[in-house]
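An overview of the molecular structure
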Amino acid sequence: MTQEIQGRERRRVPRVMFPRAITYEPGVLPKRGHLLSGKRLHGFLMNISNGGICFRSKHRLQTKMVLKVSLPMNDISPVAPTLAQVVWILRDPKRKEYRTGLKFII
């Protein structure tokens, strides 16, 4: 489910702006084989809440896909790995990238 970016707010839990680089490892993409499976990819965290995150990336993921995400909690601590599931994807044609919403599953 890829949509164009729109200004409509649908969040239930307040999010905190937390801009920083992240890495993530996706599972297998159906219909595309193992193109991204097990590869460490880079994205940019936009915001975070108790329930999940929103990040930008050049890669189009798919809803329901599970990712291993490494989140740096501050500038000096090690990253905190977690698992999260893709809930939504928005295509940003101006920036030629995707915004992806994840919900934490552990």
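Here we come to the overall build of the protein chain. In terms of regular secondary structure, the protein chain is built from zero helices and seven strands. Reading the protein chain from its N end, one meets helices and strands in the order β-β-β-β-β-β-β. Considering only contacts in the protein chain between residues 6 or more positions apart, those separated by 24 or more positions represent 55%. Of the roughly 6900 Å² that the protein chain leaves accessible, carbon and sulfur atoms contribute 55%.

For the rest of this paragraph, the subject is the confidence of the model for the protein chain. Of the residues in the protein chain, 74% have a pLDDT of 70 or more, and the chain-wide mean is 81. Ranking the helices and strands of the protein chain by mean pLDDT puts strand E7 (residues 97-104) first, with 96, and strand E1 (residues 2-4) last, with 48. Here residues 1-6 is modelled with pLDDT under 50, and outside its nearest four sequence neighbours on either side it reaches 17 contacts, counting other chains as well.

Moving on: the pairing of strand E5 (residues 66-72). For E5, the tally of buried residues reaches five of seven residues, placing the bulk of the element in the interior. Of the pairings in the sheet, the one linking E5 to strand E6 (residues 79-92) comprises seven bridges and is antiparallel in character. Bridge pairing in E6 links Lys68 to Leu83.

The next point concerns the pattern of salt bridges. A full pass over the atoms with the stated rule returns four salt bridges. The closest approach of N and O atoms between Glu97 and Arg56, which form a salt bridge, is 3.0 Å. With Glu97 in strand E7 and Arg56 in strand E4 (residues 52-57), this residue pair connects regions lying 41 residues apart in the sequence. For the pair Glu97 and Arg56, a shared accessibility class is recorded, and that class is buried. Several salt bridges share partner residues, and in doing so they unite Arg56, Arg95 and Glu97 into one network.

As for its placement among the helices and strands, Ser49 is situated in the loop between strand E3 (41-48) and E4. What makes Ser49 buried here is its relative accessible area of 11%. Within the local environment of Ser49, its side chain forms a polar contact with the backbone nitrogen of Gly51, the two atoms lying 3.1 Å apart.

Another aspect to go through is the environment of Tyr24. The residue Tyr24 is located in strand E2 (residues 16-26) in this model. On the basis of relative accessible area, Tyr24 is assigned to the buried category, the value being 1%. In this structure the C-alpha to C-alpha distance between Tyr24 and Leu41, which are 17 residues apart in sequence, comes to 5.3 Å. Setting aside chain neighbours within four positions, we find Tyr24 in contact with Lys39, Arg40, Leu41, His42, Gly43, Phe55, Ser57, His59, Leu61, Leu67, Lys68 and Val69. At 2.6 Å, the side chain of Tyr24 and the side chain of Ser57 are in polar contact.

Cut-offs and rules
- The residue numbering used here restarts from 1 in each chain and proceeds along that chain's sequence as written.
- Totals for whole chains, interfaces and linings use every residue, but because this is a predicted model, local features are given only for residues with pLDDT of at least 70 and side-chain atom pairs only at 80 or more, for both listing and counting.
- Water and hydrogen atoms were dropped before computing side-chain values, which therefore reflect all heavy atoms in the structure.
- Only DSSP runs of H or I reaching four residues or more are called helices, and only runs of E reaching two or more are called strands; each is numbered from the N terminus.
- By the convention used here, residues are in contact when the closest approach between their heavy atoms is within 4.5 Å.
- Note on areas: Shrake-Rupley with a 1.4 Å probe; residue coverage comes only from the protein chains shown.
- What pLDDT reports is the predictor's confidence in each residue, on a scale of 0 through 100.
- The classification of residues rests on relative accessible area computed with a 1.4 Å probe and restricted to protein chains. Under 20% of the type maximum is buried, over 50% is exposed, and intermediate values are partly exposed.
- In short, DSSP must find at least two bridges between two strands for them to pair.
- Here, a salt bridge means any Lys or Arg side-chain nitrogen found within 4 Å of an Asp or Glu carboxyl oxygen.
- For this analysis, a polar contact is any N or O atom pair within 3.5 Å, provided that within protein one partner can donate a hydrogen and the other can accept it, and provided that sequence-adjacent residues contribute only side-chain to side-chain pairs.

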